[in-house]
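# Tertiary structure, described
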Amino acid sequence: MDTSQNKWSSVFVLGSLVFFLLACLSVFYWEERTLTFDNAFQIFLMICDHRIEIMADRWPAASARFLPMLAVKMGFSIKAIAIIFSLSYVLVQYCFFFLTAHILKQKRLGYLLLAVMLLATSEGFYWCNSEQIHGLSASILLLASLRSWENHHRKILSLALACLSFFMVLFYHPLLLFPTFFLLVYNQLNVGFQDRKTLLFLVSFVAVWFCKRQWLPNWYDNGKSAQFKQSMDTWLTRFFEMPSVDYFMGEWWSKYHFLVLGFLVVSYLLIHRKEWLQLLFIYASCVIYLGVVLIGNPVPVNSFYVEINFYALVVFLFYPILLIVKKELLETNWFVGLFSALLFVSMLRILVFSAAFQERVKWVNNTLSHQACAKVLVNEKDIPKEVKMLTWSLPYESLLLSQQKGRITTLHWKNESFLNEGKYTADQWVTDFNSLDSQYIDNVYFDWPSGEYCAMNSLKASQSID
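The notes below deal with the structure included here. No experiment lies behind these values; they were computed from the predicted model shown.

## Observations regarding the overall build of the chain
Along the chain, the regular secondary structure elements total 21 helices and five strands. The C-alpha atoms of the chain give 24 Å as radius of gyration, which agrees with the globular expectation for 466 residues (23 Å, within 12%). With the principal axes as the frame, the chain shows a C-alpha extent of 75 × 55 × 40 Å. Sorting the 466 residues of the chain into buried and exposed places 57% on the buried side. Sequence-distant contacts in the chain: of pairs separated by 6 or more residues, those separated by 24 or more amount to 79%. When the accessible surface of the chain is totalled, it reaches about 20400 Å², and 63% of it is carbon and sulfur. Within the chain, one finds 37 positive and 34 negative side-chain charges whose respective centroids are separated by 10 Å.

Structure, rendered in structure tokens:
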């Protein structure tokens, strides 16, 4: 057990500093993190529905929405709500870290949680709504709780956290099967399969995961399963021809250089120690996992969405390294300094990749300021190629950003089938999902964007739709 007589271990002090810096970054980049894409949609729903929406039955993800929902109920400004929302993601992660590194005294797993958060992160910092990010921390907390329980450290609390994190992992994201399975199995390899309690949790986790997939599916997971089966039929025999393979390989040195470093280091250490079974298990885990995520999204479009899938590789490569490091070395200046350097270089990478998300916000703001009507239809040709685009979220982003300037104008992706069906009428606010009326939109935060729809950059608000 990784316990310490010191009240503040080095990993806890380092982690607290890292989270403080991440909190500062989350406040500085609040628009890029929470007034774009899925988070803009969540803020819109919190304001208009006055409740937290649980998407695809992933209830643990709602933990980051409690504080912004409270801010809505207290009547805070949209800017304050968005900043609190951005901070909430960091605070939830810090709770996982605090429990792992300080309460349960699992230093190695504390280091691992920090590594998973940063070593492969760049654009993912701005795509912070992904359930996989917090889900990986829940997987680490599960193992930390089991190890603490096995070593009779705070047994009741450890067991309670183990059970809680067990179910959180099941409902966060289906891909968490792989890193959770890896952590529990590798822990068994390390102790010669003598830890019966962890082994019981391993068997239970796999069984319950498959039962959930069979009897408690949701629409999103069902759609992804159907898409994966179709991709398997199309690409399995032409694996290395998939665009996703080139995409991943092309980003090795710009995003995933520490994954390459981890692969080389763990290979050298395990070969040197002649631990062939562990090495084979790591290689197999990486190959199988990469196969699943690359086939699952064979033609990637948005790099920030793709990046999240590779964070699990940090678990496969760096957990074995941390287990090899001797307990007494975890508190030494050279180890803490080396690990700190890796984390802070990763933070610099986050700063470098901020430009694309700043460009997204800038483009929406500039576009809003040059429109003559309140509901604007946007064509694909109107959007610069360098702007990162999820078209479905444009109405929500533009509503929030224009409200900041005191003049409601919204942007809507021009859907030809909607156009032919006559959906773009003055009394409807049309999104990819539904058509909403003024009774839903008009509230203490938003004014109804009145008037007819018009083409982007039109000179007259009354201009008819082409």
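## Considerations on the nonpolar core
Judged by nonpolar contacts, the single largest core of 159 residues is most densely connected at Leu22, Phe44 and Phe446. Those residues in contact with leucine 22 that lie beyond four places of it in its chain are Val90, Met117, Leu118, Phe125 and Met347.

## What to know about the pattern of salt bridges
Scanning all chains against the criterion turns up 13 salt bridges. Lysine 255 is the partner of glutamate 251 in a salt bridge, and the nearest nitrogen-oxygen pair spans 3.4 Å. The burial state of glutamate 251 is the same as that of lysine 255; both residues are buried. A salt bridge links aspartate 382 to lysine 381; the nearest nitrogen and oxygen atoms lie 3.5 Å apart.

## Quick word on the sheet that holds strand 1 (residues 375-378)
What the three strands build is an open sheet, ordered 2-1-5; its pairing is parallel. Only two strands of the sheet have a single partner each, and these edge strands are strand 2 (410-413) and strand 5 (453-455). Averaged over all adjacent pairs, the angle separating strand axes in this sheet is 40°, with direction ignored. As paired elements, strand 1 and strand 2 share four bridges and run parallel to each other. Bridge pairing links lysine 375 to threonine 410 in strand 2.

## What about the packing of helix 8 (residues 155-172) against helix 10 (residues 196-215)?
Packing of helix 8 against helix 10 leaves a shortest axis separation of 10 Å and a crossing angle of 30°. Relative to helix 10, the element helix 8 is oriented roughly parallel. In this structure, helix 8 meets helix 10 at a crossing whose hand is right-handed. The segment helix 8 lies against helix 10, with Lys155, Ala162, Cys163, Phe166, Val169, Leu170 and Phe171 engaging Lys197, Phe201, Ser204, Phe205, Val208, Trp209 and Lys212. Counted by class, the contact of helix 8 with helix 10 contains 10 nonpolar, one polar and three charged residues.

## Here we look at the side chain of asparagine 129
With respect to the element layout, asparagine 129 can be found in the loop between helix 6 (107-118) and helix 7 (131-150). What asparagine 129 contacts, discounting residues up to four positions off in sequence, is Asp38, Asn39 and Tyr89.

## Side note on the environment of serine 148
Locating serine 148 in the fold gives a position in helix 7. With a relative accessible area of 0%, serine 148 lands in the buried category. Residues serine 148 and glutamate 421, spaced 273 residues apart in sequence, show a C-alpha to C-alpha distance of 60 Å. Among residues more than four places away in sequence, those in contact with serine 148 are Leu104, Gln106, His153 and Ser158. Within the local environment of serine 148, its side chain forms a polar contact with the backbone oxygen of histidine 153, the two atoms lying 2.8 Å apart. A polar contact is formed between the side chain of serine 148 and the side chain of serine 158, at a distance of 2.8 Å.

Parameters at a glance
- Counting starts from 1 at the beginning of each chain's written sequence and moves along it residue by residue.
- For a predicted model such as this one, the threshold for reporting local features is a pLDDT of at least 70, and the threshold for listing and counting side-chain atom pairs is 80 or more; totals across whole chains, interfaces and linings nevertheless cover every residue.
- Note that the side-chain values use all heavy atoms of the structure and ignore hydrogens as well as water.
- Under the scheme used here, helices are H or I runs from DSSP no shorter than 4 residues and strands are E runs no shorter than 2 residues, and both carry numbers assigned from the N terminus.
- The globule rule used here is 2.2 Å times the number of residues to the 0.38 power, and the radius of gyration it is set against is calculated over C-alpha atoms.
- For the exposure calls, accessible area comes from a 1.4 Å probe over protein chains only, and a residue counts as buried if that area is under 20% of its type's maximum, exposed if over 50%, partly exposed in between.
- The criterion used for residue contact is that any of the two residues' heavy atoms lie within 4.5 Å.
- In these tables, accessible area is a Shrake-Rupley quantity obtained with a 1.4 Å probe, and a residue counts as shielded only by the protein chains included in the view.
- Counting rule for charge: Lys and Arg are taken as positive, Asp and Glu as negative, and neither His nor the chain ends is counted.
- For this purpose, a charge sits on NZ of Lys, CZ of Arg, CG of Asp or CD of Glu.
- What we call a nonpolar core is a set of buried Ala, Val, Leu, Ile, Met, Phe, Trp, Tyr and Cys residues that are connected through their side-chain atoms within 4.5 Å.
- Note on definitions: salt bridges are taken to be side-chain nitrogens of Lys or Arg within 4 Å of carboxyl oxygens of Asp or Glu.
- Strand pairing follows a simple DSSP-based rule, namely that at least 2 bridges must link the two strands.
- Only C-alpha atoms enter the line fits that serve as axes; for helices the fit covers just the stretch in contact. Angles between N-to-C directions range over 0 to 180 degrees.
- When describing relative orientation, an angle under 35 degrees is termed roughly parallel and one over 145 degrees roughly antiparallel, while 65 to 115 degrees is termed roughly perpendicular and anything else oblique.
- For any pair of crossing helices, the crossing counts as left-handed if the nearer helix is rotated counterclockwise from the farther one by less than a right angle, and right-handed if it is rotated clockwise.
- For this classification, the nonpolar set comprises Ala, Val, Leu, Ile, Met, Phe, Trp, Tyr, Cys and Pro, the charged set comprises Asp, Glu, Lys and Arg, and every other residue, Gly included, is treated as polar.
- Between N or O atoms, a polar contact is any pair within 3.5 Å; within protein, one atom must be a potential hydrogen donor and the other a potential acceptor, and residues adjacent in sequence are included only when both atoms are from side chains.

By themselves these figures say nothing about function.
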